[in-house]
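Coordinate analysis (summary)
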Amino acid sequence: MINPGRAIGPQYGFGLYLHWPYCQHICPYCDFNVYAAKDRTTEPLFDAMLADLAAQASQLKGRAPLSSVYFGGGTPSLMSPSQIAQFIDACTAALGLSERCEITLEANPNDIRLDRAKNWKEAGINRISLGVQSLDDRALAFLGRDHTAAQGLQAVETVAHIFERYSVDLIYARPDQSLAAWREELTSLLSLKPPHLSLYELTIAPKTAFGKAAQRGTLIPLDEEAQADLYELTEDLTAQAGLPAYEISNYARSKADQSRHNLTYWRSGDWLGIGPGAHGRLSLDGVRLSTEGRARPQEYITAVQNASHPWQTETALTAEETAAEILTMGLRVKTGIEQDRVNAFLPRPIDKARLESLQTEGWLSLQEGRLCLTPSGRLLADRIALELLR
Amino acid sequence: MTHILPLFQTSEAGYILSMSTPIEHIRNFSIIAHIDHGKSTLADRLIQHCGGLTDREMSDQVLDNMDIEKERGITIKAQTVRLAYTAKDGITYTLNLMDTPGHVDFSYEVSRCLAACEGSLLVVDASQGVEAQTLANVYQAIDQEHEIVPVLNKVDLPAADIDRVAEQIEEVIGLDASGAVLTSAKTGLGIEDVLEAIVKQLPPPAEGDASAPLKVSLVDAYYDPYLGVVVIVRVVDGILKKKQKIRMMKTGSTYDIDHVGVFGPKPVHVETLGPGEVGFLVASIKDVADCSVGDTITEERRPCAGPLPGYKDVQPVVFCGLFPMDASDFDDLRASMGKLKLNDASFSWEMETSAALGMGFRCGFLGLLHLEIIQERLSREFDLDLIATAPSVVYELTMTDGTEIELHNPSDMPDVVKVAEIREPWIEATIFTPDEYLGGVLKLCQDRRGIQTELTYVGKRAMMKYELPLNEVVFDFYDRLKSISKGYASFDYELVGHRPENLVKMSILVNDEPVDALAMLVHRDRAESRGRQMCERLKDLIPRQMFKIPVQAAIGAKVIARETISAMRKDVTAKCYGGDATRKRKLLDKQKAGKKRMRQFGKVDIPQEAFVAALRMDGV
Ligand SMILES: Nc1nc2c(ncn2[C@@H]2O[C@H](COP(=O)(O)OP(=O)(O)OP(=O)(O)O)[C@@H](O)[C@H]2O)c(=O)[nH]1
Ligand code: SF4
Ligand SMILES: [Mg+2]
């Protein structure tokens, strides 16, 4: 048994997430906190982010430096290279960056140009996450993306030229997508030999344009069986290509190519959330604090300006909530999650009989004290977490 | 009857109530009709005409004062109102009007109103004609030897066909319709004619003896949050007044009268109520159950010789289990049912424990509408989430050792080898329908094991009588009848006794475990199709789980139908990063709460809603 104070904290990763809330236009499936970029000036927001960073950092004195920084959104590739550089400098000043600190920028294919990529690299970015989404023009149109498959491929090439570490996103399990079509699409992406992939099934969120279409019946999501088949095909193809899954939807060539920042989430490490609607998790005195910025940029800015307190919304997670997060996030990674860390926050440890029955059914294995999902268990990850926690 | 108005003083009533109406100037009458033919609206007009309420106080169907009555536009509880009417002969009469419900479930309300009156207004919608409850109610009135004034209402409607309907009244009921009054309760046409007919054609109460020992009929009782228990009475002999010590002859309990009064329709105190008069008394009675409807009230000091003939006991005919959605609401449910019973003595229950649904109650109702209304009142007035199991009827069992058992709940069915005979309740149904729907209606009755006993035509309308097992009617017979006939058919029934039938207990097994709440008695011939339907239904209702689940219907050990719910293949969030952690946790909390609303059967979680939905099936 380990004590709760040791079951959480920056030893499981210490990251910073910046949320840039603007996009050139809003995709119909997107349920992030995003706003159309238009011609706004972004200085006030950027200044607020810097102030937010300083305020939050002041509460975290004496910590080891950041192990990762992630520019997410929205479309952070719309930030100017100088803003990016300035923010990285601010992180260095406020919290310090570890020697191998991973600094990722999410980018849309449209924003990729050789000169810009070079600027980013100079600013300190050492990893790109590229939102290619599909290699099929019809699918790209359906997804409301403003780039073509050819532009996507070109962007991958450019990024690969400048960056050693990068990732490509694709969205699959689209309505009517066949196994054969997905096989072809994924195979052509794999032939580019990317070091890292994020492959997501299309998720239809209620408040999005797709969600409404689904409700009206004009968009018919792929059924569970077909989705499961596609998922299994994805695992096979990536494994054959030498990029096995290390998380439910993430695939990497080697351990070094895995996303350190995202692993911090799945391992329930600590991270700061900077920007409108950004979430953070910070362990302070054995308690896990959940922080959240105001969602609307203007409100966020005002809140930072008037702040008497570094976190706009903060909630101390209860022991059971902490356990639930450690488990649900932790089960997603292939190497699993230490059972002791979960049990440290539960009034009664996870039920033995339930564990055993999940093991005999072949969904779960216990490896050196870590709860690991089997390949078939991975498809039922959410349900299994629920079973373990009830 | 819930009069939530506080008591008004006499002077506020807007008119003077004659305290000492000579008995020959009293008219007690009921308004009876098929559902929706306009009884309550006619009552509105009569009250308005007699100045019982000002225009400002008036609302549509003012006597329907429960929310549920207002919303559904139906009368559930009978109401009494005293009116003063100065007739064309110059005499001011005291009229006691009783508005009755039209729906078959509440026919006991009609019967006790009739017992307290000498005459009836038979309202018939002139655009609809004679319907099933018109007949049922008018026959009750004839049995009570009432004088009856036919009233053809809704004559303002273009579809009104006065001659045809008058002819129906004569042919079907055998009542002289030449003196029928034509009204529109909507426009107010003919209201004075109705009032004149009441004083001219209906008799005054039989001569009572004001000096004889007190003899009062207990017509109804209800709980009022301001007044406590209010007892509706009709005086036969003697004088009822404040401060009297009274005795309920059946229960023997005694009370001191706090007030006597009448409804005008607002409650108004009066000094006394004499022979022939209808009114109410309030006597610090704690519990409505102490007031047995139909009982005789007398004076403790000087009791009358013997009680009046009582009313027919009301027996519940339909039963169902009521369970709280959330087990921790059990005590709340019990308390709420107790409060509701204060207003509705016909609602009864006993405790029940179900493996599927936990602790709850087996409740008896007068019919399906009654069941629906109680359920709705419980969830609305008391804010409870309920699960109701399938309605079932009362079976009579003769055991091989000769003992007799009443079975209220199919899951209590004893081992078949010990049962010599099972009898189920049968009804005689009277159905009216326009002839174009006759074929469909006949088929429905046939399909429900009906036996035709009569089929006659009145113009273009068919009237048929069928004997039917009540069990086949409680599910959805009425809904089906309405949809087959586009709403034009009407239906009434009465119980005609229990008959032996080839009935079997069908159990439903989910993942090889029997689910008690889903057990039912069915006719052997129909077991298979019923079982198949049940399994198909459950297959859709039970969410997929991590393993496959067989769903079976069985009689004893023999499986008669089977379906399989395939295993869930995928339940995982595709994208899960920092911001999703919170979302994920909230979802998990919701799922955990959802699990609480599920009942566990071995390894299977069944949502409680599935029980209800499975049982709300179209009877085969
Ligand atoms: N056009 C027309 N409509 C009427 C007349 N009388 C009643 N109605 C309407 O008929 C409907 C039923 O009227 P109610 O007075 O509630 O009927 P009821 O007989 O009391 O019904 P239950 O108590 O449910 O049996 C209402 O919508 C009334 O407005 C009438 O003379 N003409
Ligand atoms: S670009 Fe990305 S963040 Fe922006 S709207 Fe589209 S999916 Fe959402
Ligand atoms: Mg009515």
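Residues numbered from 1 in each chain as written. Chains lettered and ligands numbered in written order. Predicted model: local features only at pLDDT ≥ 70, side-chain atom pairs only at ≥ 80, totals over all residues. Heavy atoms only, no water.

**Re the coordination of the magnesium ion (ligand 3)**
Residue and element names in this part refer to chain B. Taken together, S40 (OG) and T75 (OG1) make up the full set of protein donors to the magnesium ion (ligand 3), lying 1.9 to 2.0 Å away. Here T75 lies in the loop between α2 (67-72) and β2 (79-86) and S40 lies in helix α1 (residues 39-49), a separation of 35 residues in the sequence. Given a relative accessible area of 8%, T75 falls into the buried group. (Donors = N, O, S within 2.8 Å, 3.2 Å for Na, K, Ca; no water. Helix = DSSP H or I, 4+ residues; strand = E, 2+ residues; numbered from the N terminus. Buried < 20%, exposed > 50% of the residue type's maximum accessible area, 1.4 Å probe, protein only.)

**Digging into the side chain of R63 of chain A**
Residues and elements named next belong to chain A. The residue R63 is located in the loop between α2 (43-58) and β4 (66-73) in this model. Engagement of the side chain of R63 in a polar contact is seen with the backbone oxygen of S283, the distance being 2.7 Å. Not counting chain neighbours up to four residues away, the residues in contact with R63 comprise P10, F14, D270, S283 and L284. (Polar contact = N/O pair within 3.5 Å; in protein donor to acceptor, adjacent residues only side chain to side chain. Contact = heavy atoms within 4.5 Å.)

**Examining the site of ligand 1**
All names here are of chain B. The immediate surroundings of ligand 1 are formed by 20 residues, with K39, S40, T41, T75 and D156 found nearest. Within the backbone of D36, one N or O atom sits 3.0 Å away from an oxygen atom of ligand 1. Within the contact set of ligand 1, an oxygen atom lies 3.3 Å away from a backbone nitrogen or oxygen of K186. Against a free-state accessible area of 650 Å², the protein chains account for coverage of 84% of ligand 1. Of all the elements, α1 adds the most residues to the shell around ligand 1, at three residues. Considering only residue class, the shell around ligand 1 consists of four nonpolar, eleven polar and five charged. (Near = heavy atom within 4 Å. Areas by Shrake-Rupley, 256 points an atom, 1.4 Å probe, with all protein chains shown as cover. Nonpolar A, V, L, I, M, F, W, Y, C, P; charged D, E, K, R; others polar.)

**A short note on the nonpolar core**
Of all hydrophobic cores here, the largest spans 135 residues; its most connected members are L16, F71, F87, I125, I128, L331 and I384 of chain A. When near neighbours in sequence (up to four residues on either side) are disregarded, F87 of chain A contacts L16, L18, F46, M49, L50, L53, F71 and I274 of chain A. Core analysis: the next-biggest nonpolar cluster, separate from the first, contains 49 residues, I374, L384, Y437 and L470 of chain B among them. (Core = buried A, V, L, I, M, F, W, Y, C linked by side-chain atoms within 4.5 Å.)

**Here we look at the environment of W426 of chain B**
All names here are of chain B. Mapped onto the elements, W426 comes out in strand β23 (residues 419-434). Separated by 43 residues in sequence, W426 and P469 have C-alpha atoms that sit 4.3 Å apart. Contact partners of W426, with chain neighbours within four places excluded, come to R449, I451, E467, L468, P469, L470, E494, L495, V496, G497, R499 and E501.

**Quick look at a negative patch on the surface**
Together, D163, E167, E170, E171 and D176 of chain B make up a negatively charged patch on the protein surface. Secondary-structure assignment places D163 of chain B in helix α5 (residues 162-173). (Patch = residues over 30% accessible without salt bridge, like charges linked within 9 Å, V, L, I, M, F, W, Y side chains within 5 Å. Salt bridge = Lys/Arg side-chain N within 4 Å of Asp/Glu carboxyl O. Lys, Arg positive; Asp, Glu negative; His and termini not counted. Charge placed at Lys NZ, Arg CZ, Asp CG, Glu CD.)

**Section: the site of ligand 2**
All residues in the neighbourhood of ligand 2 are listed as C23, H25, I26, C27, Y29, C30, F32, V34, G74, T75, N108 and R145 of chain A. The residue inventory of the shell around ligand 2, partitioned by class, reads seven nonpolar, four polar and one charged.

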